[in-house]
Amino acid sequence: MDRWKRESLRSADNGLRDQIEDTVDAYERQQSELAELFHHLDTARVQADSADKLVEIVADGAGEIVEVRLTAAAMRTAPERLGRSIVEAARTATRLAQQQTAARAAAITAGLESLPDLPDLASEAPSLHDIRALFRRDGDPPCPAPAS
C-alpha cells in the first residue's frame, strides 16, 4: 500500500473516530438532561387558583393533582359552584404543569433529533428510537415508566 493511500485511510479512520466521540459526548449530555427532566417531573409543583379564589389546586410535574385546598368561603358555597371552581382550578394546574414540562422537554427532543441513531455507528448499540418515542406522544408530557 502506498503512502498516500495509508494517509487517506488514516484520515478517514480519524474522522470516524471523531464522529463517534462527538456522538457519544452528545448522547451523554442528552442522558444527563433526561435525568434532570425526570427529576423535575418528580419534584415540580404548580399551583392554580379558581377565578373566584375558592379553590387552590397543586399539581406535580406530570400534571397529576397532589393537593386540593378549599377556603372557608368555599364551605359556604353552593355545591354546583364549588364543583365548577374545583374543575376550573384543576384544569388550570394540569395545563400549567404540562406546559412547563413540555417547555423543558423541547430542548431535549430537539437535541435528540440531531443525533444519529447509535446502530448507525455500531450495529450492536442500543437504539435511541425508544427514547425519542417517549417524547412524541400526542400532547402528553413525558413521564417515566412506572416502577416495577
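From a predicted model like this one, the values you see are computed outputs, not experimental measurements.

K.L.:
How should I be thinking about a negative patch on the surface in this particular structure?
P.N.:
Together, D18, E21, D22, D25 and E28 make up a region of like negative charge exposed at the surface. Within the secondary structure, D18 sits in helix α1 (residues 3–43).

K.L.:
Any chance you could explain the sheet that holds strand β1 (residues 45–49) here in plain terms?
P.N.:
The strands that make up a sheet pair up through hydrogen bonds in the backbone, lying either parallel or antiparallel. Reading across the sheet, the three strands line up as β1-β2-β3 and stay open at both edges, with antiparallel pairing between neighbours. Of all strands in the sheet, those with a lone pairing partner are β1 and β3 (65–70), marking the two edges. Neighbour-to-neighbour, the strand axes of this sheet turn through a mean angle of 15°, independent of strand direction. When β1 meets strand β2 (residues 55–60), the two strands line up antiparallel, connected through five bridges. Bridged to Q47 within β2 is V58.

K.L.:
Explain the pairing of β2 here, please?
P.N.:
Each regular strand displays side chains that alternate between the two surfaces of the sheet. Most of β2 sits out of view: six of its six residues are buried. Of the two faces of β2, the one lined by V55, I57 and A59 and the one lined by E56, V58 and D60 are each fully buried. Between β1 and β2, which follow one another and run antiparallel, lie five residues, and K53 among them has a positive phi close to 65°. Note: β2 against β3, five bridges, orientation antiparallel.

K.L.:
So what exactly am I meant to see when it comes to the nonpolar core here?
P.N.:
A general tendency of soluble globular proteins is for nonpolar side chains to be buried together. Among the nonpolar cores identified, the biggest contains 12 residues, and these are V46, A48, L54, V55, I57, A59, A74, L82, A89, A90, A93 and A97. Breaking this core down by element, the ones donating at least two residues are β1, β2 and α2 (79–114). Among the elements that make up this core, the one with the highest residue count is α2 (five residues). Those residues within four positions of V55 in sequence are excluded, and the remaining contacts are A48, D49, S50, V68, R69, L70, L82, S85, I86 and A89.

K.L.:
Please explain the side chain of T77 as it appears in this structure.
P.N.:
Tracing the chain through its elements places T77 in the loop between β3 and α2. Here the side chain of T77 touches A73 through a polar contact of 2.8 Å, landing on its backbone oxygen.

K.L.:
Can you walk me through unusual backbone geometry in this structure?
P.N.:
Excluding glycine, residues mostly have negative phi values, and the peptide bonds linking residues are mostly trans. Even without being a glycine, K53 presents a positive backbone phi close to 65°. By the element assignment, K53 lies in the loop between β1 and β2.

K.L.:
What am I meant to see in the confidence of the model for the chain here?
P.N.:
Atom-level detail of predicted coordinates should not be read off regions where pLDDT is low. Scored by pLDDT, the chain has a mean of 81; 78% of the residues are at 70 or more. Mean pLDDT values for the elements of the chain range from 65 in helix α4 (residues 129–134) up to 97 in β3. In the model, residues 141–148 has pLDDT below 50 throughout and makes 16 contacts with residues more than four positions away in sequence or in other chains.

K.L.:
Would you mind showing me how to read the pattern of salt bridges here?
P.N.:
Opposite charge on two side chains lets them pair, provided their charged atoms get close. Under the counting rule described, the total for this entry stands at three salt bridges. Across the pair E56 and R69 runs a salt bridge, and its minimum N-O distance is 1.7 Å. Here E56 is found in strand β2, whereas its partner R69 is found in strand β3, with 13 residues between them in sequence. By relative accessible area, E56 is classed as buried at 16%. Classification of R69 as partly exposed rests on a relative accessible area of 35%. The network of salt bridges with shared partners includes E56, E67 and R69.

K.L.:
Mind showing me how you'd approach the environment of L54 here?
P.N.:
Here L54 is to be found in the loop between β1 and β2. Along the chain, L54 and I86 lie 32 residues apart, while their C-alpha atoms are 8.3 Å from each other. If near-sequence neighbours (up to four positions away) are discounted, L54 is found in contact with R69, L70, T71, A73, A74, T77, R81 and S85.

What counts and how
- Residues numbered from 1 in each chain as written.
- Predicted model: local features only at pLDDT ≥ 70, side-chain atom pairs only at ≥ 80, totals over all residues.
- Heavy atoms only, no water.
- Patch = residues over 30% accessible without salt bridge, like charges linked within 9 Å, V, L, I, M, F, W, Y side chains within 5 Å.
- Areas by Shrake-Rupley, 256 points an atom, 1.4 Å probe, with all protein chains shown as cover.
- Salt bridge = Lys/Arg side-chain N within 4 Å of Asp/Glu carboxyl O.
- Lys, Arg positive; Asp, Glu negative; His and termini not counted.
- Charge placed at Lys NZ, Arg CZ, Asp CG, Glu CD.
- Helix = DSSP H or I, 4+ residues; strand = E, 2+ residues; numbered from the N terminus.
- Pairing = 2+ DSSP bridges.
- Axes fitted to C-alpha atoms, helices over the stretch in contact; angles between N-to-C directions.
- Buried < 20%, exposed > 50% of the residue type's maximum accessible area, 1.4 Å probe, protein only.
- Core = buried A, V, L, I, M, F, W, Y, C linked by side-chain atoms within 4.5 Å.
- Contact = heavy atoms within 4.5 Å.
- Polar contact = N/O pair within 3.5 Å; in protein donor to acceptor, adjacent residues only side chain to side chain.
- pLDDT = per-residue confidence, 0-100.

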